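# Structure at a glance
Chain residues, written in single-letter form:
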Amino acid sequence: MENKKVEFEDILHEMKDIYEMKNHDYGNSFGETIQEFGYVVAIARINDKIKRLKKMVKGDTMFVNERMRDNLLDIANYCVITILELDNEEVDEQKEGME
């Protein structure tokens, strides 16, 4: 069990590294797009990744230099970023209620 906890933490660190790399390259484009167009953006991006996974599993399409694992990490990061946006929105609403 302890080994699984270490592996889990390793994956979390990998997700963080990917998040930092993509934020460096693209800025906070995902969060900004959610703020501009709403949470449907998050659902759409996550759904696109799920569709890619389905195609990979079914073998419908060959994906060059793209693995199922990469897509799962992207989905996980999109979910975490969406949670961050939700949490920040709640904090902003609480601040407004205090004014």
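Residues numbered from 1 in each chain as written. Predicted model: local features only at pLDDT ≥ 70, side-chain atom pairs only at ≥ 80, totals over all residues. Heavy atoms only, no water.

### Observations concerning the overall build of the chain
Here is the rule we go by: Going along the chain from the N terminus, every DSSP run of H or I of four or more residues is numbered as a helix, and every run of E of two or more is numbered as a strand. We take the radius of gyration over the C-alpha atoms and set the globule estimate at 2.2 Å times the residue count to the 0.38 power. Partly exposed describes any residue whose relative accessible area lies between the buried limit of under 20% and the exposed limit of over 50%, with all areas from a 1.4 Å probe on protein chains only and scaled to the type maximum. Between two residues, a contact is recorded if the distance between any of their heavy atoms is within 4.5 Å. Only the protein chains shown count as cover for residues, and all accessible areas are computed by the Shrake-Rupley method using a 1.4 Å probe. Counting rule for charge: Lys and Arg are taken as positive, Asp and Glu as negative, and neither His nor the chain ends is counted. Throughout, a charge is located at the NZ atom of Lys, the CZ atom of Arg, the CG atom of Asp or the CD atom of Glu.
The helix and strand tally for the chain stands at four helices and zero strands. Start at the N end of the chain and walk to the C end: the helices and strands fall as α-α-α-α. Computed over its C-alpha atoms, the radius of gyration of the chain comes to 16 Å, more than 25% above the 13 Å expected for a compact globule of 99 residues. Taken along its principal axes, the extent of the C-alpha atoms in the chain is 55 × 35 × 25 Å. Sorting the 99 residues of the chain into buried and exposed places 20% on the buried side. Restricting the contact set of the chain to residue pairs at least 6 apart, pairs at least 24 apart contribute 60%. Approximately 7,800 Å² of the chain is accessible, and the part contributed by carbon and sulfur atoms is 56%. The average position of the 14 basic charges and that of the 23 acidic charges among the side chains of the chain differ by 10 Å.

### Some remarks on a negative patch on the surface
Let me state the cut-off plainly: Patch rule: a residue counts if its relative accessible area is over 30% and it has no salt bridge; like charges are joined within 9 Å, and nonpolar side chains (Val, Leu, Ile, Met, Phe, Trp, Tyr) within 5 Å. By definition here, a salt bridge exists when the distance from a side-chain nitrogen of Lys or Arg to a carboxyl oxygen of Asp or Glu is within 4 Å.
Taken together, Asp-87, Glu-89, Glu-90, Asp-92 and Glu-93 make up a surface patch of like negative charges. In this fold, Glu-89 is placed in helix 4 (residues 68–98). What makes Glu-89 partly exposed here is its relative accessible area of 36%.

### Quick notes on the side chain of Asn-71
Here Asn-71 shows up in helix 4. Take Asn-71: its relative accessible area is 0%, and that puts it in the buried class. Dropping the residues within four chain positions of it, Asn-71 is found in contact with Lys-49, Arg-52, Leu-53, Met-56 and Glu-66.

### Comments concerning the packing of aromatic side chains
The test is simple: The aromatic pairing rule takes the rings of Phe, Tyr and Trp, using the six-membered ring of Trp, and pairs them if the centres are within 6.5 Å, calling planes under 30 degrees apart stacked, those over 60 edge-to-face and the rest tilted.
All told, the structure shown has one aromatic pair when counted by the stated rule. Ring centres of Phe-30 and Tyr-78 lie 4.6 Å apart, and the angle between their planes is 35 degrees; on these two criteria the pair is classed as tilted. Residue Phe-30 is located in helix 2 (residues 29–37), and its partner Tyr-78 is located in helix 4; the two are separated by 48 residues in the primary sequence. Taking relative accessible area as the criterion, Phe-30 reaches 6% and is therefore assigned buried.

### Comments concerning the packing of helix 2 against helix 3 (residues 40–58)
Stated precisely, the cut-off is as follows: Interaxial angles span 0 to 180 degrees and are taken between N-to-C directions of axes, which are lines fitted to C-alpha atoms, for helices over the stretch in contact. We call two directions roughly parallel when the angle between them is under 35 degrees, roughly antiparallel when it is over 145, roughly perpendicular when it lies between 65 and 115, and oblique otherwise.
One way to put it is that helix 2 packs onto helix 3 with a least axis distance of 8 Å and a crossing angle of 130 degrees. Between helix 2 and helix 3, the interaxial angle falls into the category oblique. Taking contact as the criterion, the partners of Phe-30, Thr-33, Ile-34 and Phe-37 in helix 2 are, on helix 3, Val-40, Val-41, Ala-42 and Arg-45.

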